[in-house]
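# Per-entry structural report
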Amino acid sequence: MAKLETVSPNKPPASRPLPKAATGIDGLDQITAGGLPKGRPTLVCGGAGCGKTLFAMEFLIRGATQFNEPGAFITFEETGEELAANVRSLGFDLDALITANRIALDHVRVEPSEIAETGDFDLEGLFLRLGLAIDTVGAKRVVLDTIESLFGGFTNQALLRSELRRLFRWLKDKGVTAVITGERGDGQLTRQGLEEYVSDCVILLDNRVNDQISTRRLRIVKYRGTSHGTNEYPFIIDDKGMSVLPVTSLGLSHEVSNERMPSGVARLDTMLGGKGYYRGSSILISGTAGTGKTSLAAHFAAQTCRRGERCLYLAFEESPSQLFRNMRSIGIDLEPFVKKGLLKMHASRPTLFGLEMHLVQIHKMVTELNPAAVIIDPISNFISGGTTGDTQSMLLRLIDFLKARQITALFTHLSSGGNAGSTWEGTDVGVSSLIDTWLLVRDIELAGERNRGLYVLKSRGMAHSNQIREFVITSDGIDLLDVYVGPEGVLTGSMRAAQEEREKAQAAERRQGDARRQRELDARRAALQAQIAALQAEWKGVSEEAKLLAAQEQARESAIAEQRAAAARRRGGDAEKAKNEL
């Protein structure tokens, strides 16, 4: 007899993830954690022009081409020829898929005036045609576009609710993953206000216009049985289909690198610990107009390409041709790097489309190019495309995205006042706290001259200089010079040169004084040495004379003794006495 396993009432049930059908739409599967609920209906609703039909068609085509799941498309508005022509602009060949028996397309013409609201009215006719389309290709995915055309003539809410439930139940019983499109209602998600309640998943598409700038957004209103992103996500529709940007899925878990990337300016690298920026970090160069922010960015782009790495340069003020010409005047030729495929230039006005569209476009370009560095020049222009809060949110997501991919990001920012540091956080986009390395380029006006100065406001994770360098742009590029710092403050330009000349003159005068004092010391030393030599010669003479006198005295005493001895010998008897006297 088999032993029954006892289950503790306090033990949580085993987790069983909800089966999902991948959409193949870039970014959407990430937001939904795998796709739409498999074998269940999903309602896609929104206003006119928001992309409901294209969403449903791409879901169907991606399933047939990428996931081996044939599909059936039931349209109540557009004909098959119109749909094929519309999606052809997105790179999808619907006719070929129909011919290959991968997609079944059926146009059901519904006239509201022909709908008779009787007690025995049902959707058996639709079920028959839909079932035929499913069986023809073995469809795993089904699209109904749009549901208002099917139920537009209903006024009986009880009948409408009953038929909606029956339709959704029929789709579930068939085991197909269904996408049903619906028009946005007044104060509710759909016109009838009932579809969202019987759907397992509801996706709201929105095409809003703010300050004459249009932005498409997607929001998952509900998703039964699974967690999902709940924010609004921008999306675009281009020649490659639909792309959704998962704006908040990135956390603070990205990896960091200890590798350095040179800035292209040798003395700037010296100020940054001698090696340059960290790879994967974010760099901000801010300053007023004409301080050389773009020149610094161009140096970094050229240096990146010289190492054989790709760089994406997004210009929002100058065309590529104008940028190439201007940078050649300071010794930087970027055009050859473009021809080699190492540098990709993208120039547009910030008001071309909304901030979220810019963000999605940058995502797509980064994904396609996979660059080592991204330059945005300048980010301050994004303010014209939205509010300060919108701009800050957009840049926050962009910085997180680039850091997660270990891409070094360099941003320039046009400050609105004389003090770049104060205007950035006070009136502009205010993302300085997200920046790893912040360079300030400022004007220094002295003695009727306008010069530039650069200093490192902060650089996380590395020792960096706290000194100001004079910022000079020459025909050979950027050069950073030491500034004069003294009692009068910081001197640059001609005042610094004049101060340097004064210091040179003072140094020369000091050298001359030192030489004069050295000559005087040498002369005094020679005189003393001569005096010492004379004294030594005099001492030698005195010593020799003393020795001579001593010798003479000894000789005299010897002579006297000899005389006495001789006298004693002459006296005879007194010889012994003379000897004793001696």
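Data block above holds the structure.
About the criteria used
- Residues numbered from 1 in each chain as written.
- Predicted model: local features only at pLDDT ≥ 70, side-chain atom pairs only at ≥ 80, totals over all residues.
- Heavy atoms only, no water.
- Helix = DSSP H or I, 4+ residues; strand = E, 2+ residues; numbered from the N terminus.
- Buried < 20%, exposed > 50% of the residue type's maximum accessible area, 1.4 Å probe, protein only.
- Contact = heavy atoms within 4.5 Å.
- Areas by Shrake-Rupley, 256 points an atom, 1.4 Å probe, with all protein chains shown as cover.
- Phe/Tyr/Trp six-rings, centres within 6.5 Å; stacked < 30°, edge-to-face > 60°.
- Core = buried A, V, L, I, M, F, W, Y, C linked by side-chain atoms within 4.5 Å.
- Arc of directions from axis to C-beta.
- Polar contact = N/O pair within 3.5 Å; in protein donor to acceptor, adjacent residues only side chain to side chain.
- Expected span 1.5 Å × (residues − 1).

### Looking at the overall build of the protein chain
The number of helices and strands found in the protein chain is 17 helices and 24 strands. Residues counted as buried form 47% of the 582 residues belonging to the protein chain. A separation threshold of at least 6 residues defines the contact pool for the protein chain, and within that pool the share at least 24 residues apart is 68%. A total accessible area of about 29,400 Å² is found for the protein chain, and carbon and sulfur atoms account for 49% of it.

### Considering the packing of aromatic side chains
This structure, assessed with the given rule, holds 2 aromatic pairs. Between phenylalanine 127 and tryptophan 170, the ring centres sit 4.9 Å apart and the planes meet at 0°, which makes this aromatic pair stacked. Taken together, the residues span a long stretch of sequence, with phenylalanine 127 in helix H5 (residues 124–137) and tryptophan 170 in helix H7 (residues 157–174) at a distance of 43 residues. With a relative accessible area of 7%, phenylalanine 127 lands in the buried category. On the accessibility criterion, tryptophan 170 (18% relative accessible area) is buried.

### Some thoughts on the nonpolar core
Of all hydrophobic cores here, the largest spans 40 residues; its most connected members are Leu268, Leu296, Tyr313 and Leu334. Ranked by the residues each element gives to this core, the list is headed by helix H10 (residues 293–306), at 7 residues. With sequence-adjacent residues up to four places away left out, leucine 334 is seen in contact with Ala298, Ala302, Phe324, Met327 and Leu343. Formed by 35 residues, the second largest nonpolar core is a distinct cluster that contains Leu36, Phe73, Phe235 and Val244.

### A closer look at helix H3 (residues 80–88)
Restricting attention to buried positions, one finds in H3 the residues Gly80, Leu83, Ala84 and Val87. Summarising the axial view, the buried residues of H3 lie within an arc of 100°, below the 170-degree limit, and thus occupy one face. Against helix H2 (52–66), strand S4 (71–75), helix H4 (94–99) and strand S5 (103–107) lie the buried residues of H3.

### Details of the environment of isoleucine 362
As for its position among the elements, isoleucine 362 is in helix H13 (residues 355–369). We classify isoleucine 362 as buried; its relative accessible area is 2%. Distance from isoleucine 362 to histidine 346, taken between C-alpha atoms, is 9.7 Å for residues 16 residues apart in sequence. Isoleucine 362 has contacts with Leu314, Ile376, Met394 and Leu398, leaving out every residue within four places of it along the chain.

### As for the side chain of aspartate 29
Inspection of the secondary structure puts aspartate 29 in helix H1 (residues 28–31). Among the polar contacts made by the side chain of aspartate 29, one reaches the side chain of threonine 23 at a distance of 2.8 Å. Discounting residues that sit within four places of it in the chain, aspartate 29 has contacts with Ala22, Thr23, Gly24, Gly34 and Gly35.

### Quick word on helix H14 (residues 388–404)
With 17 residues, H14 should cover 24 Å at 1.5 Å per step; its first-to-last C-alpha distance of 24 Å lies within 8% of that length. Those residues of H14 that sit buried are Thr391, Met394, Leu395, Arg397, Leu398, Ile399, Asp400, Phe401, Leu402 and Lys403. Close packing links the buried residues of H14 with strand S14 (282–287), H13, strand S17 (373–377) and strand S18 (408–414).

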